[in-house]
2 protein chains.
Amino acid sequence: MPPMTLEEVRALDAADPLAPFRDRFALPPGVIYLDGNSLGPLPKATAARLREVVDVEWGRDLISSWNTHAWVDASARIGGKLATLVGLEEDEVLVTDSTSVNLFKLIVAAARSRPGRGVLLTELGNFPTDQYLTAGAAQVLGLRARAVPTELLEASLTEDIAVLVLSHVNYRSGHRHDLARLTSLARARGALVVWDLSHSVGAVPLNLREAGVELAVGCGYKYLNGGPGAPAFLCVARACQPLLDNPIPGWFGHARPFDFTDGYQPAPGLTRMLSGTPPILSLLALETGVDLMLEATTPSAAPLFAKSERLCALFAGLVRDRCPELTLVSPIEPARRGSHLSYAHPHAYALVQALSARQIIGDFRAPDLARFGFTPLFLRYEDVWRAAEGVAEVLKTGAWLDPRFQVRARVT
Amino acid sequence: MPPMTLEEVRALDAADPLAPFRDRFALPPGVIYLDGNSLGPLPKATAARLREVVDVEWGRDLISSWNTHAWVDASARIGGKLATLVGLEEDEVLVTDSTSVNLFKLIVAAARSRPGRGVLLTELGNFPTDQYLTAGAAQVLGLRARAVPTELLEASLTEDIAVLVLSHVNYRSGHRHDLARLTSLARARGALVVWDLSHSVGAVPLNLREAGVELAVGCGYKYLNGGPGAPAFLCVARACQPLLDNPIPGWFGHARPFDFTDGYQPAPGLTRMLSGTPPILSLLALETGVDLMLEATTPSAAPLFAKSERLCALFAGLVRDRCPELTLVSPIEPARRGSHLSYAHPHAYALVQALSARQIIGDFRAPDLARFGFTPLFLRYEDVWRAAEGVAEVLKTGAWLDPRFQVRARVT
């Protein structure tokens, strides 16, 4: 039975060891932001850091900043910090490009390391870019792509599968796969798995080493609060690194890029997976977000994920009791879920708009889901309680029927 | 005979219609920056714009900015602005990813549109990433890559060539290819050309339509002053667009990305060449640089390029007369060159360091080139005159012999 009164949730906030982190974000007053799983809010330190990067590093120190402010190391340095969050060594993670481009690189590289296997497998309902890139990689390599429903995944791991492409946490339902189990099953059948951690890094506990994960990607703009379209990351376990060639071998992946040699020679470690010059402003904005997440998860990430579970449980309990019109499509057990909850409703789009007009920000995922993200770094229990109140009220009053809430925006 | 006295060059500055643009940049006092061809300096408006993007768009308006601040259109919108600078229509240019990733996309897409042709051709001495990506694209497609010396390029356009990958202006020598001639020659032999305009956009006149160019890429952080690692651009002439499939088909290239459908359906126009979520901070920083360049080239770009030629001529004349130790490796005729001049010297690295210690910033390109970029938006004739003075003095005094100037930095 979750706490139900405002007094009860305020007591939870008063006792919350993570409560001070809320003030580290530049949150607009009055807004209850349940969309940190789509775009994390602005850390105050990022605004300050970007002024320094722009005015001092770019503006004053100009080209020399590649050396003096270590821009040249940023992809590996930030990757090294991120490694702690996913349970890998610091030379096993890079920050570079977009999730889509990183998926392409790892899927193609992995498939080429499995000659004779003709199929790339993914899951129907996987995030679209993961499905599209699986098909795109197959096309460029002359292989076949196959997408199967979740319940057929394991049976589909036949001996023709080169690579399996899965999201750890599903962007719609929030369903969380068992990393270790599927990775080990795939390995037993001779396939590599590329995991997309976009909805899990910073949202659920991750120990890729322990789970035996060799290849992963993920995005920087959700729970890592790296800024809109923040560069993504890619992970390759050390033992796997020498086996993979970068299919987009740009100069930043060269062993000695500033020798400007005609012939490509891949860097010895993971930096071979870099391609072109990275977008430094966006990259360094992400670094501050990662630093903040590290601070909140050191010495232990357990309080963060425990709070995430409690926030979800609070919301789910209140909505279950007060909003019978909503159907929870997310697993209710925390271990089988990410840090967001999705509810089906035939007018989910209008519902999300009506909530947004009340400064309760969730999002809509076609065709019929209202999705709410619970990000323990900046959300208070009281926010979640008020959000559930708002949902109940919008449903009870029919506020979502207002015609202005029916007009679809381009980005949902 | 170029002007030789300080009075003469000051008279040129006094008469320069572009002189007011210098104040639009946050240049550090005392620095003579001849490296705008490597990293353009910070436009003051960009610093202000980024504060707005960070504090208001990301910080206050959060996820809604994808709609309300049109983040979702930024790649196409900035591409449309850039189109004017390269002589294309606004739906023929996109800003996205890095030059390396864009090269990969266009080379692979172009090669797939030329089935039966087994070779991707490029030039020895082309910028490394262009060579590496030509080889990388060939490898992924099961084709062969060939790199030939400049003088063999035309003879190498045999009927097995699918794609020719060339830089318009060579990053080292500054040598400028004849866009129209090589494009038409390649077409006559059945090959497509992917041009890299990184060292020509904003540096030399470009009219891709007139030159018959169908495919091009280029970077945003040089003459466009887009910021370190600014996103790159790609151009596909309208007639060519339906023929090309994006080999990295991410969700931003989908016809309706926010329908989140399982099957990929490419957007009807050039937006199909988008892949993942773009790095908005870096992207919008670039937009301000492009806006500034548009302002300086409207109604005519002729004054900009005329000034570039005069700056180069001034420097070349002074150095020719006063620095016999330096060998100009760049063509002296403006029409055969970009907007930079490179000089061979056995101790070019130390020379560039010694100049840098005097606040004259050029750069070194291995193994033996000192390279100086002449960017007419912010350089004064007096700057160029003083820079030539500085070069002459460093050579005359042997200042470059100082041991601290011999220590190689990681990035040169």
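Residues numbered from 1 in each chain as written. Chains lettered and ligands numbered in written order. Predicted model: local features only at pLDDT ≥ 70, side-chain atom pairs only at ≥ 80, totals over all residues. Heavy atoms only, no water.

A.B. asks: Break down helix H9 (residues 280-297) of chain A for me, with residues and values.
C.D. replies: For H9(A), with 18 residues, the first-to-last C-alpha span of 25 Å sits near the 26 Å given by 1.5 Å per residue. Of all 18 residues in H9(A), 16 are buried, a share of seventy percent or more. (Helix = DSSP H or I, 4+ residues; strand = E, 2+ residues; numbered from the N terminus. Expected span 1.5 Å × (residues − 1). Buried < 20%, exposed > 50% of the residue type's maximum accessible area, 1.4 Å probe, protein only.)

A.B. asks: Summarise the sheet that holds strand S10 (residues 340-344) of chain B; cite the residues concerned and give the values.
C.D. replies: Residue and element names in this part refer to chain B. Strand order in the open sheet formed by 4 strands is S9-S10-S13-S12, and the pairing between neighbours is antiparallel. A single partner strand is all that each edge strand has here, and the edge strands are strand S9 (327-328) and strand S12 (363-365). In the sheet, S12 pairs with strand S13 (residues 369-373) via 3 bridges, with the strands oriented antiparallel. Counted as the bridge partner of Asp-363 is Arg-371 from S13. With respect to the sheet, helix H11 (residues 348-357) is in contact with S12 and S13, its orientation differing from that of S13 by roughly 40 degrees. (Pairing = 2+ DSSP bridges. Contact = heavy atoms within 4.5 Å. Axes fitted to C-alpha atoms, helices over the stretch in contact; angles between N-to-C directions.)

A.B. asks: Describe helix H7 (residues 179-188) of chain B, naming the residues involved and giving the relevant values.
C.D. replies: Residues and elements named next belong to chain B. Turning to H7, its buried residues are Leu-179, Leu-182, Thr-183, Leu-185 and Ala-186. Down the axis of H7, the buried set is contained in an arc of 165 degrees. They therefore lie on one face. Of the surrounding secondary structure, the elements contacted by the buried residues of H7 are strand S5 (161-167), strand S6 (192-196) and helix H8 (208-211). Measuring from the side-chain oxygen of the N-cap residue of H7 to the backbone nitrogen of Ala-180 gives 3.2 Å; that N-cap residue is Asp-178. Where H7 terminates, the next one or two residues include Gly-190, which has phi positive at roughly 90 degrees. (Arc of directions from axis to C-beta. Polar contact = N/O pair within 3.5 Å; in protein donor to acceptor, adjacent residues only side chain to side chain.)

A.B. asks: A description of the nonpolar core should follow, citing residues and the corresponding values.
C.D. replies: Soluble, globular proteins show a tendency: their nonpolar side chains are buried together. Residues A:Phe315 and B:Phe315 are the most contacted members of the largest nonpolar core, which totals 298 residues. Once you skip the residues sitting within four places of it in the chain, B:Phe315 turns out to touch B:Leu34, B:Leu341, B:Tyr343, B:Phe372, B:Phe374, B:Val384, B:Ala387, B:Ala388 and B:Val391. (Core = buried A, V, L, I, M, F, W, Y, C linked by side-chain atoms within 4.5 Å.)

A.B. asks: Explain the interface of chain A and chain B residue by residue, including any values.
C.D. replies: Between chain A and chain B, the residue contacts involve 82 residues of the former and 82 residues of the latter. Across the chain A/chain B interface, buried area totals approximately 6,800 Å², and carbon plus sulfur atoms make up 67% of it. Per-residue buried area on chain A facing chain B is highest for A:Trp58, A:Tyr132 and A:Phe260; these three make up 12% of the total on that side. Our count for the contact surface shared by chain A and chain B stands at 2 salt bridges. Across the salt bridge formed by A:Arg410 and B:Asp73, the nearest N and O atoms sit 2.5 Å from each other. One can count 23 residue pairs in polar contact (both at pLDDT 80 or more) joining chain A with chain B. Where the side of chain A that touches chain B is concerned, the elements lending two or more residues are helix H2 (44-60), helix H3 (65-68), helix H5 (99-112), helix H6 (128-141) and H9 of chain A. Its residues assigned to classes, the side of chain A that touches chain B comprises 45 nonpolar, 25 polar and 12 charged. (Buried area = accessible area lost by both parts, 1.4 Å probe. Salt bridge = Lys/Arg side-chain N within 4 Å of Asp/Glu carboxyl O. Nonpolar A, V, L, I, M, F, W, Y, C, P; charged D, E, K, R; others polar.)

A.B. asks: With reference to specific residues and values, describe the confidence of the model for chain A.
C.D. replies: Here chain A averages 97 in pLDDT, and 99% of its residues register 70 or above. Scored by ipTM, the complex comes to 0.97, with pTM at 0.98. (pLDDT = per-residue confidence, 0-100.)

A.B. asks: I'd like a rundown of the pattern of salt bridges, residues and numbers included.
C.D. replies: Residues and elements named next belong to chain A. Throughout the structure, instances matching the rule amount to 56 salt bridges over all chains. The partner of Asp-383 in a salt bridge is Arg-22, with the nearest N and O atoms 3.1 Å apart. You can see Asp-383 sitting in helix H12 (residues 381-397) and its partner Arg-22 sitting in the loop between helix H1 (6-14) and strand S1 (32-33), a full 361 residues away along the chain. Taken individually, Asp-383 and Arg-22 each receive the classification buried, so the pair is uniform in this respect. In this structure, Asp-259 and Arg-256 form a salt bridge, with 2.9 Å as the shortest nitrogen-oxygen distance. A relative accessible area of 35% places Asp-259 in the partly exposed class. One salt-bridge network, in which partners are shared between bridges, spans Arg-77, Lys-81, Glu-287 and Asp-291.

A.B. asks: Describe the relation of the copies chain A and chain B, listing the residues and the values that go with them.
C.D. replies: The two copies are related by a screw operation: chain A maps onto chain B through 180 degrees of rotation and 0.0 Å of translation along the axis, at an RMSD of 0.0 Å. Viewed as a symmetry operation, the transformation between the two copies matches a two-fold axis. When C-alpha positions in chain A are compared against the rotation axis, the closest is assigned to A:Ser282, at 2.8 Å. Both copies share a contact surface, since 100% of the interface residues of chain A are interface residues in chain B too. (Least-squares fit on C-alpha atoms with pLDDT ≥ 70 in both.)

A.B. asks: Before we move on, could you go through the environment of B:Ser100 and cite the residues and values that matter?
C.D. replies: Residue and element names in this part refer to chain B. Mapping Ser-100 onto the fold places it in helix H5 (residues 99-112). Accessibility expressed as a relative area gives 2% for Ser-100, which makes it buried. Counting along the chain gives 34 residues from Ser-100 to Thr-134, while the straight-line C-alpha distance between them is 10.0 Å.

A.B. asks: Would you mind going over the sheet that holds strand S7 (residues 215-218) of chain A in detail, with residue names and values included?
C.D. replies: Strand pairing in a sheet is mediated by backbone hydrogen bonds. Such pairs are either parallel or antiparallel. Residues and elements named next belong to chain A. Taking strand neighbours across the sheet as the criterion, the 7 strands line up as S2-S8-S7-S6-S5-S3-S4 in an open arrangement whose pairing is mixed. Both edges of this open sheet fall to strand S2 (93-95) and strand S4 (144-148), since each of them pairs with a single strand only. Each strand axis lies, on average, 20 degrees off the axis of its neighbour in the sheet, ignoring direction. Here strand S3 (residues 119-123) pairs with S4 via 5 bridges, running parallel. The residue of S4 that forms the bridge with Leu-121 is Arg-146. On the sheet, helix H4 (residues 74-86) packs against S2 and strand S8 (233-236) and is oriented at approximately 125 degrees with respect to S2.

A.B. asks: How would you sum up the packing of aromatic side chains? Please name residues and give values.
C.D. replies: The geometry of two aromatic rings is summed up by the distance between their centres and the angle between their planes. The final tally for this structure, using the stated rule, is 37 aromatic pairs over all chains. On the numbers, 5.4 Å between centres and 85 degrees between planes, the contact of B:Trp66 with B:Trp71 is edge-to-face. Classification of B:Trp66 as buried rests on a relative accessible area of 7%. Look at B:Trp71 and you get buried, because its relative accessible area is 0%. Ring-pair connections join several aromatic residues into one group, and the members of that group are A:Trp66, A:Trp71, A:Trp251, A:Phe252, A:Phe258, A:Phe260, B:Phe127 and B:Tyr171. One cation-aromatic arrangement involves A:Arg408 over A:Tyr349; the distance from NZ or CZ to the ring centre is 4.8 Å. (Phe/Tyr/Trp six-rings, centres within 6.5 Å; stacked < 30°, edge-to-face > 60°. Lys NZ or Arg CZ within 6 Å of the ring centre and 35° of its normal.)

A.B. asks: Describe the packing of helix H10 (residues 302-322) of chain A against H12(A), and please don't skip the residues or the numbers.
C.D. replies: Residue and element names in this part refer to chain A. Contact geometry for H10 and H12: axes closest at 9 Å, N-to-C directions at 25 degrees. When the axes of H10 and H12 are compared, the pair comes out roughly parallel. Pair H10 / H12 crosses with right-handed handedness. Touching Lys-307, Arg-310, Leu-311, Leu-314, Phe-315, Leu-318, Val-319 and Arg-322 of H10 are Tyr-381, Val-384, Trp-385, Ala-387, Ala-388, Glu-389, Val-391 and Ala-392, all from H12. (Parallel < 35°, antiparallel > 145°, perpendicular 65-115°, else oblique. Left-handed = near helix turned anticlockwise from the far one by under 90°.)

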